[in-house]
Structures are given as C-alpha cells and as structure tokens.
Amino acid sequence: MTDNLSLSGVVSPTDAVISVQRYPATSRILHWIVAALVLATWPLGFFIQFTKQEVTLDFYMIHESFGFLALWLMLLRVGNKLIARPPHPEGPAVERIAAATVHGLLYAFLIIMPVSGFLATNAHGFPLVWFGLLPVWSPIGKTPDIAWTLSAIHAWSAWILLLLFALHIGAVLLHHVIKRDNTLYRIL
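In this report, the structure presented in the accompanying data block is examined. (Residues numbered from 1 in each chain as written. Predicted model: local features only at pLDDT ≥ 70, side-chain atom pairs only at ≥ 80, totals over all residues. Heavy atoms only, no water.)

## Quick look at the pattern of salt bridges
- The tally for this structure, following the rule as stated, stands at two salt bridges.
- Salt-bridge contacts for E95 lead to K179; the nearest nitrogen and oxygen are separated by 2.2 Å. Here the residue E95 occupies a position in helix α4 (residues 93–123), and K179 occupies one in helix α5 (residues 144–179), the gap between them amounting to 84 residues.
- Given a relative accessible area of 22%, E95 falls into the partly exposed group. (Salt bridge = Lys/Arg side-chain N within 4 Å of Asp/Glu carboxyl O. Helix = DSSP H or I, 4+ residues; strand = E, 2+ residues; numbered from the N terminus. Buried < 20%, exposed > 50% of the residue type's maximum accessible area, 1.4 Å probe, protein only.)

Structure representation (structure tokens):
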C-alpha cells in the first residue's frame, strides 16, 4: 500500500518513528550515553564490596572515573536543556507533572551522586586519577571529619536514583506496552 498503512490499518512502528516529534539529537545522544554510564557505574559501585582486596582499588578507579564522566555529561545535559527545544509535551496534566518531577529529580541526583562520591573519596584521602591517566584536582583534600557524611550522601543518592530509575522505566513501560503511544519514540 502506498499510504503506509498495513492491512489492519495500523501505522507500522517504522512509520511511527518517522512521524513522531522527537527530542533534538543532542538531547537523545546525551540521554543514552548517561543511561549507559549509569547502568555500568551503579552496579559496579554496588559490587565493589564483594571484590577481592587486590582488585578493589581498580574497581573504585573505574567506578569513580565513569561517575566523574557522568557528572560532566549531566552538566552538559543541563546546558543542553537550556538551549534545545524539546517536543511539545503530550498527555494529561497529571502525567506531565509526574514526568517533569521524576526527570527533575533524576537530573538532580545524577549530579548529587557523582559530586558526593568524588568529594567522599577525596575526603577519605583517595584523590581521583581519571581512568588512571589524569589526576583531578581535589577541592577539599583529605578531610576525615566529613568523609563519612559525604559517603552516606553518596550511598543514599544511589538508592534514590535506583528508585527514580525504576519509576522512569515503569513510565516507559506504561506508555510503550500498555498505552502504546509514541512517548518512547521521542527519545530514540
């Protein structure tokens, strides 16, 4: 058929992607890179406690380096959000408010978590050498009296981020599987 309709009269997924108003390319690329970093960094940080002592510092270095990269990419995302034009919001007001709230909290905790982790390791006396190559200046240096507070903020941020991630994925599944709307295609 030449009108892009299947025999059932439903638009194919390929045609749906083409016809949906999407986020700008910079927003989509940064979204997926940060998502991949979080999906690598979060479990890596969690499983460090189970590693053999002789490789623990290597795991920390990779975890911290990915986290530091995620921080800078999130700062780019904030800047990008200020200049990029998102697609027009869709759906009922309650869904738009919930989405804005979860996205805002995701942004906040994707900045709070790496900042608190970076400062915590510095406060414990372990300055970051990014991917084992580039020493990163420590704004606080070894400061044991605040190290455990920063570590607690980092740990709580990780669990809050996991909850927000679950809410985000739940909303994706709601829109894509149950409602069968084009929400997911806007970020692909």
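That was the structure; now back to the text.
## Quick look at the packing of aromatic side chains
- For the coordinates displayed, the defined rule picks out 10 aromatic pairs.
- With 6.1 Å between their ring centres and 85 degrees between their planes, F46 and W159 make a pair best called edge-to-face. Here W159 lies in helix α5 and F46 lies in helix α2 (residues 25–47), a separation of 113 residues in the sequence.
- In this structure W159 comes out as partly exposed when scored by relative accessible area, which is 45%.
- On the numbers, 6.1 Å between centres and 50 degrees between planes, the contact of F47 with F50 is tilted.
- Its relative accessible area of 45% is what places F47 among the partly exposed residues.
- These aromatic residues form a ring-pair network of at least three members: W42, F46, F47, F50 and W159. (Phe/Tyr/Trp six-rings, centres within 6.5 Å; stacked < 30°, edge-to-face > 60°.)

## Some details on unusual backbone geometry
- Its identity is not glycine, yet F131 carries a phi of approximately 50 degrees, on the positive side.
- Structurally, F131 is set in the loop between β1 (129–130) and β2 (134–135).
- Here F131 falls in the partly exposed class, since its relative accessible area comes to 31%.
- For R180, which is not glycine, the phi dihedral falls at a positive 55 degrees.
- By the element assignment, R180 lies in the segment after α5.
- Classification of R180 as exposed rests on a relative accessible area of 69%.

## Quick notes on the side chain of H175
- Mapped onto the fold, H175 is located in helix α5.
- Taking relative accessible area as the criterion, H175 reaches 14% and is therefore assigned buried.
- Within the structure, H175 has its side chain in polar contact with the side chain of T183 (distance 3.3 Å).
- Dropping the residues within four chain positions of it, H175 is found in contact with E95, R180, D181 and T183. (Polar contact = N/O pair within 3.5 Å; in protein donor to acceptor, adjacent residues only side chain to side chain. Contact = heavy atoms within 4.5 Å.)

## Thoughts on the environment of T183
- Among the secondary structure elements, T183 is positioned in the segment after α5.
- Residue classification places T183 among the partly exposed residues on the basis of a relative accessible area of 31%.
- A polar contact of 2.9 Å, which involves the side chain of T183, links it to the side chain of D181.

## Looking at the packing of helix α3 (residues 53–83) against α4
- The geometry of α3 relative to α4 is characterised by a closest axis approach of 9 Å and an angle of 145 degrees between their N-to-C directions. α3 and α4 meet at a crossing whose hand is left-handed. Residues E64, G67, F68, L71, M74, L75, R77, V78 and K81 of α3 touch α4, and the partners they reach there are Y107, L110, I111, P114, V115, F118 and T121.
- Broken down by class, the residue content of the contact of α3 with α4 amounts to 11 nonpolar, two polar and three charged. (Axes fitted to C-alpha atoms, helices over the stretch in contact; angles between N-to-C directions. Left-handed = near helix turned anticlockwise from the far one by under 90°. Nonpolar A, V, L, I, M, F, W, Y, C, P; charged D, E, K, R; others polar.)

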